[in-house]
Amino acid sequence: MPSERNNSIRNIAIIAHVDHGKTTLVDAMFRQSGLFREGQVVDERIMDSMELERERGITIAAKNCAVTWDGIKINIIDTPGHADFGGEVERALSMADGAILLVDASEGPLPQTRFVLNKALGAGLSLIIVINKIDREDARPDEVLNEIYDLLIDLGATDDQMESPILYAVGRKGIVMASPENPADNLGILFETILKHIPGPVHTSDAPFQMLVSDLGYSDYLGRLCVGKVVNGSVKSGEALACIHEDKGACPLKVSKLQEYQGLGLKETHEVGAGDIIVLSGIEDVHIGDTICTAGEPVALPRICVDEPTVFMEFMPNASPFAGKEGKWVQGTKIYDRLVRETLLNVSIQLEETRDRESFVVKGRGEFQMAILVETMRREGFELCVGRPRVIYKNDKDGRLMEPIEEVIVECAESYSGTVTETLLSRKGRLIHIDYLDNGHVNLKFSVPSRAMIGYRDMFLTDTRGTGILNSSYAGYEAFRGEFPTRYSGSLVSDRQGFAVPFALFNLEARGRLFIRPGEAVYEGMVIGEYNREKDIYVNPCKTKKLTNMRASGKDDAVTLTPVAPLTLEAAIRFIGDDELVEVTPKSVRIRKKILSQAMSRVAYKLKSA
C-alpha cells in the first residue's frame, strides 16, 4: 500500500542534557503559542509536574503536551536528560518524528546528550539543533557547534541529519534566532523551522488502525490509561479493538473514552486519525510495547526495545527494632505489588524474586534511578530496606567475565585534576583525553567501570571542593578490569538500643564523622557514623557522664558538638557496604548492619574469614 504523510500534525521530542534549559524552553513555547490567556499567572517549569522533579530541577518522566501554530498541531514530548532514565527516552522517541537537540552554549554536548542523541539518530528522526543560553558570559557557540558536528559524525549521522538547521536561543527570555548577529524577540523562527523541517507522521493509506502503547497512566474515574501514537488508520470512541501482547496473543477490548492532547491537558474526541498521539481509557490488561489494533485485522507492530539494565539492588521489608512505627505500608507483599506496578510503567525496570522470597531484586540503569524509585515509595508511605547497588556482570561467548563501563567527563580546576585522575585510575579507570581550558580549568575524559562510580560522586565533590562538574553515561560492556578498594573507612555501629546522649557523641567525634544528633533513637546494629579507619567499631552512643560528689576545674564545661547534616537517601545508598542496609521510612533514613546482633555479626565475620 502507498504511504502518505499527515501534514496537519508534527510530533517532536525535545532532548537535552540535565540543566541545559529544556523545560524552560517548553514553558516559553506554551506561552507564545497562545496556550495561556494574557495576564494569566503560570508557574515556571510547568512540565515538571512531579514533586521530585521540581525539587531537583530535572525531568524524570517523559510527558506529552500539544500546542497549535498556524493551524498545525505540534505534539511536544519532554524527555529526561539523565541516562539513568533511558527507558523513558526510548519509549518517548517511539512517538516522535523529529527532535530538537538543545545544547548549552558553554558546556557543549555532554555524555548524556550523546546517549539521547544516539537513540534519536538510530530512530531516524529529523533534527533541529538549538544552542541555548548564548547570553552567558562564558558562551562559546562556535566551538560548541563544532563539538556537535563532531558528535554527529562520531554517532554515524546521515547526510540529512548532518545538514540539520542551526538555531540560537535564550530560553529563559523566550527568544530563538537564526544567528547571534540577527536578534529576535520571540520563538517564531523555532515554530516555523519545526513546520518546515520536521516531517508530518507517515502512515499507510487505507491500512487498518494500529497504535503502539508507549506510556501508561491511571485515572480514578477512567481506570487504566494507555498513551501512544496512531501509526496507521483511524479510531472512533467505542470501537471494538484488540490488544496484542508480547506473546502475540490478541485480547478483544472496547475503548470507553478517546482523548487527545490539548495544551497541558486532554480533551475528549470522537475520532482520531493517523499520526496523532492519543490516550485510550478503559483498557485494563495492557503493557508498554503492546499493539492496539482493529479487532478484525490484528497485526502487531515492532515492540519498543530498551537497553538492558546494568545495576541491581535488593529490596526487602524493614526488620529493624523500629519497624512499623512510621510507615503505612510495611508488608513484603505490599512492597512487591508496588514494584510490579513500577515495572508496568517503566520499561527499563526489571523485578525478580529471590529464592527465600523474603527480598526482591530490582534491576535498572543506575543508582540514581534506584534512589528516585525508593524516594518515591517512601513518600507514598512505604517502609523498607534496600541494599548496596551492584553492577550486573555478563560472560561473553568465550566465557570471559564482562562488566558495564561508563564514559566519564570531568571539568575542574587544574589544581584538582591530579587528585581526580589518581582516584579514578586507582578504581581501574583509564584517562582517554585531556583538554586545558583558558579559564584555568581542564576537561578530562575517562573510561571507568560502573562499579567504580557507585559512591564516588561524594568523594569527587570533596576532592574538588564542590567546584567540579562530573557527568557520565553508559558506554557498553568490556572485559572485567580487576578488583579495587571502594571504601577506605569503616562504620561506627551502636552496640545497644536507647537515645543518643551529647556527652557520648562528643567523645565519639574524634573517631570519625557522625550521622546522628543528640536525642535521636538508636538500636543495636545501627550505623551512627563513619569510622576513620578501615574497619567497623561498636560504640555506645547512649553513655552518660558519671555523677560524683567530687568537683574539678573544667569538669562541668558545656559540651559543644559539630553540626550534623541530615542523612539523605542518596548519601546513605552511596555510603553503605556489602554487609549494610539503608532503612527507609516516610520520616527517617537510617543505616544498619544486615546482622544487627554484635555477637552474631562477629560469628559471621569469622566464618567468612575461615
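Scroll up to find the structure.
To keep things clear, this report deals only with the structure shown in the data block. Remember, it's a predicted structure, so these values are computed and weren't measured experimentally.

1. Quick word on the packing of aromatic side chains
Then, number 1: In the structure shown here, the tally under the stated rule is 7 aromatic pairs.
Then, number 2: On the numbers, 5.0 Å between centres and 90° between planes, the contact of Phe-322 with Tyr-523 is edge-to-face. Here Phe-322 is found in the loop between strand 20 (311-317) and helix 8 (332-345), whereas its partner Tyr-523 is found in the loop between strand 33 (521-522) and strand 34 (526-531), with 201 residues between them in sequence. Pair check on accessibility: Phe-322 and Tyr-523 agree, each one buried.

2. Quick look at a nonpolar patch on the surface
Then, number 1: Residues Leu-425, Leu-431, Ile-434 and Tyr-436 make up a contiguous nonpolar surface patch of roughly 360 Å² in combined accessible area.
Then, number 2: Take the nonpolar patch: its biggest share by element is 3 residues, from strand 27 (residues 430-436).
Then, number 3: Mapping Ile-434 onto the fold places it in strand 27.
Then, number 4: The partly exposed category is assigned to Ile-434, whose relative accessible area is 33%.

3. Let's talk about the packing of helix 8 against helix 9 (residues 367-379)
Then, number 1: Two numbers describe how helix 8 lies on helix 9: the axes approach to 12 Å, and their chain directions differ by 125°. In terms of orientation, helix 8 lies oblique with respect to helix 9. With respect to the hand of their crossing, helix 8 and helix 9 are arranged in right-handed fashion. Side by side, helix 8 and helix 9 meet where Ile-335, Arg-338, Leu-339 and Glu-342 of the first sit next to Leu-373, Thr-376 and Met-377 of the second.
Then, number 2: Here the contact of helix 8 with helix 9 is built from residues that sort into 4 nonpolar, 1 polar and 2 charged.

4. Some thoughts on the environment of Val-230
Then, number 1: You can see Val-230 is positioned in strand 11 (residues 223-232).
Then, number 2: Residue classification places Val-230 among the buried positions, given a relative accessible area of 0%.
Then, number 3: The spacing of Val-230 and His-203 is 27 residues in sequence and 8.8 Å in space, taken between C-alpha atoms.
Then, number 4: Residues in contact with Val-230, not counting those within four places in the same chain, are Phe-209, Gln-210, Met-211, Val-272, Gly-273, Ala-274, Gly-275, Asp-276 and Ile-278.

5. Focus: the packing of helix 10 (residues 414-426) against helix 12 (residues 456-463)
The description of two packed helices rests on the angle between their axes and on the distance between the axes.
Then, number 1: At a minimum axis separation of 10 Å, helix 10 and helix 12 run at an interaxial angle of 155°. As summarised for this structure, helix 10 and helix 12 are arranged roughly antiparallel, according to the angle between their axes. The handedness of the crossing between helix 10 and helix 12 comes out as right-handed. Here Tyr-416, Thr-419, Val-420, Thr-423 and Leu-424 of helix 10 lie close against helix 12, whose contacting residues are Tyr-456, Met-459, Phe-460 and Asp-463.
Then, number 2: The residue makeup of the contact of helix 10 with helix 12, split by class, is 6 nonpolar, 2 polar and 1 charged.

The rules behind these values
- Residues numbered from 1 in each chain as written.
- Predicted model: local features only at pLDDT ≥ 70, side-chain atom pairs only at ≥ 80, totals over all residues.
- Heavy atoms only, no water.
- Phe/Tyr/Trp six-rings, centres within 6.5 Å; stacked < 30°, edge-to-face > 60°.
- Helix = DSSP H or I, 4+ residues; strand = E, 2+ residues; numbered from the N terminus.
- Buried < 20%, exposed > 50% of the residue type's maximum accessible area, 1.4 Å probe, protein only.
- Patch = residues over 30% accessible without salt bridge, like charges linked within 9 Å, V, L, I, M, F, W, Y side chains within 5 Å.
- Areas by Shrake-Rupley, 256 points an atom, 1.4 Å probe, with all protein chains shown as cover.
- Salt bridge = Lys/Arg side-chain N within 4 Å of Asp/Glu carboxyl O.
- Axes fitted to C-alpha atoms, helices over the stretch in contact; angles between N-to-C directions.
- Parallel < 35°, antiparallel > 145°, perpendicular 65-115°, else oblique.
- Left-handed = near helix turned anticlockwise from the far one by under 90°.
- Contact = heavy atoms within 4.5 Å.
- Nonpolar A, V, L, I, M, F, W, Y, C, P; charged D, E, K, R; others polar.

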